[in-house]
Amino acid sequence: MKFAILNGKIIERSEAKVDIEDRGYQFGDGVYEVIRVYNGKMFTVTEHLNRFVKSLDSIGITLPYTMDHLTKLLEDLIAKNNLQLGTIYMQITRGVTPRNHAFPSENVSPSLVAYTKEAARPLENLKIGVKTIVTEDIRWLRCDIKSLNLLGNLLAKQKAAEVGCFEAIQHRGQDVTEGSSSNIFIVKNGMIITHQSDNLILKGITKDVILQVCERNSIPVEERTFTLDEFMDADEVFLSSTTAEVMPIIEVDGKKVGDGLPGPVTKRLQEWFEQEIEKQCGALQDKILN
Ligand code: PSZ
């Protein structure tokens, strides 16, 4: 994509460069968001921007723009790049300053970067489901912050990739927390169970859409910790994220989940999730359950 945002201006992607002493580069001292674009329109943009500000607040960075201004900037970027179906990546770091662990005392301007990518919906995986592994959650205790520090997540994802799996599902002792880049849900006897949104997981925007849809359709949900045993014994399992949407999980550590096919509750949620997309962004060309 030809254009990117650097510190409030839309410039050529190839011109968008940051200093070697940017604190994001040296320390991962910043936060980010990924927003889905369908039909040239951002899905759940307000929710993503609110979470962005929450992440920024929790590390003591002030957003150097109003929400309206930032939204307009992102809309302009989508238009300039003529993006129809894809994602926007956006990050803010504490800025450029001589290397020192402690925050800079003088007024350093935060660095904002955003750019777009074309990305189809993962329709094949959404139809047939994905394979996963489980791995110990070795991350820090503020997983609610969408921090640039992703080493724990990367090590988990790499472990999955090395055995041809889509996702690594993390657990702290017996308790399942979340995927390396997704939230995890189990279905048991018609009840949906997912980890509560506390400091141990990221409060997914997709998760929140799913919970709202469940509420509206009287699907019972429990937000609580669940164990690896409950997870392995579930009728259905699925994960959620901005790009993976409602993704059926059909295998864990080489063992089939249920009968090894996406389950009925998961499929109904996929249909309702597509309806939410269409409400905000207009009709989808290709759908999961055609
Ligand atoms: O393109 C990708 O692979 C993406 S876009 C967003 C994600 C992956 N993952 C977000 C995420 C996460 O990184 C962790 C650790 N937990 C949960 C999620 C899901 O958050 P939402 O639904 O807001 O994307």
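Residues numbered from 1 in each chain as written. Predicted model: local features only at pLDDT ≥ 70, side-chain atom pairs only at ≥ 80, totals over all residues. Heavy atoms only, no water.

Chemist: Please set out the site of the ligand residue by residue, giving values where relevant.
Modeler: If you check the shell around the ligand, you find 18 residues, and the closest are R51, E178, I205, T206 and T242. S181 places a main-chain nitrogen or oxygen 2.9 Å from a nitrogen atom of the ligand. At a separation of 2.8 Å, an oxygen atom of the ligand approaches a polar backbone atom of I205. When the free accessible area of the ligand is taken as 540 Å², the share hidden by the protein chains comes to 84%. When each cavity is represented as a set of grid points, the ligand is found to reside in the largest pocket. Of all the elements in the fold, those that place two or more residues in the shell around the ligand are β9 (175-179), α6 (205-216) and β14 (236-241). (Near = heavy atom within 4 Å. Polar contact = N/O pair within 3.5 Å; in protein donor to acceptor, adjacent residues only side chain to side chain. Areas by Shrake-Rupley, 256 points an atom, 1.4 Å probe, with all protein chains shown as cover. 1 Å grid on protein atoms, 1.4 Å probe; cavity = no way out; pocket = protein on both sides within 12 Å on 5 of 7 lines; lining within 4 Å. Sits in = over half its atoms within 2 Å of the grid points. Helix = DSSP H or I, 4+ residues; strand = E, 2+ residues; numbered from the N terminus.)

Chemist: So, empty space enclosed by the protein: which residues are in play, and what are the values?
Modeler: Applying the stated criterion across every chain, the model contains 2 cavities of 30 Å³ or more. Every residue lining the largest cavity is listed: R36, F43, T44, H48, I205, T206, V209, T242 and F273. A per-element tally of the lining of the largest cavity places α6 first, with 3 residues. Classifying every residue of the lining of the largest cavity gives 4 nonpolar, 4 polar and 1 charged. Of the volumes computed, that of the second largest cavity is approximately 40 Å³. Lining the second largest cavity are D235, E236, V237, P248, I249, I250, V257, L261, P262, G263 and T266. Tallying contributions element by element places strand β15 (residues 245-252) first for the lining of the second largest cavity, with 3 residues. (Points joined across faces, edges and corners; volume = space filled by probe spheres on them. Nonpolar A, V, L, I, M, F, W, Y, C, P; charged D, E, K, R; others polar.)

Chemist: Tell me what's going on with the pattern of salt bridges, and back it up with residues and numbers.
Modeler: Side chains carrying opposite charge are able to pair once their charged atoms draw close together. Evaluation of the coordinates by the stated rule reveals 22 salt bridges. With its nearest N and O atoms 2.9 Å apart, the salt bridge here joins D137 to R139. According to the relative accessible area criterion, R139 is buried, its value standing at 10%. Three or more residues joined by partner-sharing salt bridges are found here, namely D137, R139, R172 and E178. (Salt bridge = Lys/Arg side-chain N within 4 Å of Asp/Glu carboxyl O. Buried < 20%, exposed > 50% of the residue type's maximum accessible area, 1.4 Å probe, protein only.)

Chemist: Pulling in residues and values, what's your account of the environment of K17?
Modeler: Positionally, K17 belongs in the loop between β2 (9-12) and α1 (23-27). In this structure the C-alpha to C-alpha distance between K17 and V163, which are 146 residues apart in sequence, comes to 35 Å.

Chemist: A description of the nonpolar core should follow, citing residues and the corresponding values.
Modeler: Grouped together as the largest cluster of nonpolar side chains are 26 residues, with contacts concentrated most on M42, F52, L70, L74, M90 and L112. Top element by residues in this core is helix α3 (residues 67-80). It accounts for 5 residues. Not counting the four nearest positions on each side in its chain, L112 is found in contact with I5, L6, N7, G8, Y65, L70, L73, M90, Q91 and I92. By size, the runner-up hydrophobic cluster in this structure holds 21 residues, among which are I193, V237, I249 and V257. (Core = buried A, V, L, I, M, F, W, Y, C linked by side-chain atoms within 4.5 Å. Contact = heavy atoms within 4.5 Å.)

Chemist: Summarise the packing of aromatic side chains; cite the residues concerned and give the values.
Modeler: For any pair of aromatic rings, the description consists of the separation of the ring centres together with the inter-plane angle of the planes. Within this structure, the stated rule accounts for 5 aromatic pairs. Here the aromatic rings of Y38 and F43 are separated by 5.9 Å at their centres, their planes lie at 80°, and the arrangement is edge-to-face. With 5.6 Å between their ring centres and 80° between their planes, F43 and F273 make a pair best called edge-to-face. With F43 in the loop between β4 (41-42) and α2 (45-58) and F273 in helix α8 (residues 264-281), this pair connects stretches of sequence that are 230 residues apart. (Phe/Tyr/Trp six-rings, centres within 6.5 Å; stacked < 30°, edge-to-face > 60°.)

Chemist: Lay out α8 in plain terms, naming residues and giving numbers.
Modeler: Compared with an ideal rise of 1.5 Å per residue, which puts 18 residues at 26 Å, α8 spans 26 Å between its outermost C-alpha atoms and is within 8% of the ideal. Of the positions making up α8, those classed as buried are V265, T266, L269, Q270, W272, F273, E274, E276, I277 and C281. (Expected span 1.5 Å × (residues − 1).)

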